Amino acid sequence: MKEFEYLETERTIMRKLTMEDAKEFYTLNTDEEVLKYTGDRPFENIQASIDFLTNYDQYEKYGVGRLAVIDKTTLKFLGWCGLKYSQDKNEYDIGFRFYRNYWNKGYATETSKKCLDFGFTERGIEKVVGRAMKENLGSIKVLEKIGMTFKENFNFEGKEGVIYERIKNK
C-alpha cells in the first residue's frame with residue numbers, strides 16, 4: 001500500500017497527526033462544546049494527548065487515519081478529519097472535529113469529501129459509515145452533504161444515534 005504524504009483541499013492541508021500536534025489536540029479535546037456529541041471524555045492532561053498520539057497506529061496498520069487539518073493561509077491547526085478502521089466492526093468510518101471558531105465555515109464538509117475520495121480511489125475502500133448523535137444536526141448535515149445516506153438508528157453511548165453510509169461509486 002502506497003504511503004501518502006498529505007491530502008490537500010482548496011483551503012487546507014491534511015497530514016498525519018504528530019507529536020507536535022499534542023498541545024492543539026489536547027486543547028481541542030478539552031472543549032466541552034466540541035466533545036458534547038462525541039461520547040469522548042476530555043484528556044486529563046497534555047500527557048494523555050501525547051500518549052494517544054504515540055500509540056496511534058491507524059496509518060501503519062490500515063493506511064488511513066485521522067489527519068490534522070491545517071489552514072493553508074495561516075498554517076493554523078483547525079482540527080482533524082479522516083477515516084478510521086474499526087477491526088471489531090470490520091468497517092471504516094469518517095470522523096471530524098474542529099475548534100468551535102471554525103464551525104459552520106464548510107471545513108468539515110470540504111475535508112470529509114477529500115478523505116472519502118482518498119479512501120475510495122487510493123485505498124480501494126468499498127463502504128464508509130458515519131455515526132452521530134441524533135441531536136448533532138451539524139454533523140448529520142455534513143454527512144448528508146458528502147453523499148452519505150441514512151442507514152439506521154443505534155445506541156450512541158446511551159443516547160439516540162444515527163448511522164449514515166456511502167458505498168463507493170454511489
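The paragraphs below set out a description of the structure included in this document. (Residues numbered from 1 in each chain as written. Predicted model: local features only at pLDDT ≥ 70, side-chain atom pairs only at ≥ 80, totals over all residues. Heavy atoms only, no water.)

**Here's the deal with the sheet that holds strand S1 (residues 6-8)**
We count it as follows: Strand pairing is defined by DSSP finding a minimum of two bridges between the two strands. Here a helix means four or more residues in a row that DSSP labels H or I, a strand means two or more in a row labelled E, and each is numbered from the N terminus. Geometry is summarised by axes, namely lines fitted to C-alpha atoms with helices restricted to the contacting stretch, and by angles between N-to-C directions that run from 0 to 180 degrees. Whether two residues are in contact is decided by their heavy atoms, any of which lying within 4.5 Å being enough.
One open sheet accounts for eight strands, arranged S1-S2-S3-S4-S5-S6-S8-S7; its pairing is mixed. Looking at strand neighbours, the two that pair on one side only are S1 and strand S7 (149-156), the edges of this open sheet. The average angle at which neighbouring strand axes cross in this sheet is 25 degrees, direction not considered. Note: strand S5 (residues 91-98) against strand S6 (residues 127-133), two bridges, orientation parallel. Considered in S6, the bridge of Tyr92 is made with Val128. Contacting S1, strand S2 (12-16), strand S3 (66-71), strand S4 (77-86), S5, S6 and strand S8 (159-167), helix H5 (residues 107-121) runs over the sheet at an angle of about 35 degrees to S4. Of the strands in this sheet, S5, S6 and S8 touch helix H6 (residues 137-145), which is tilted by about 160 degrees from S6.

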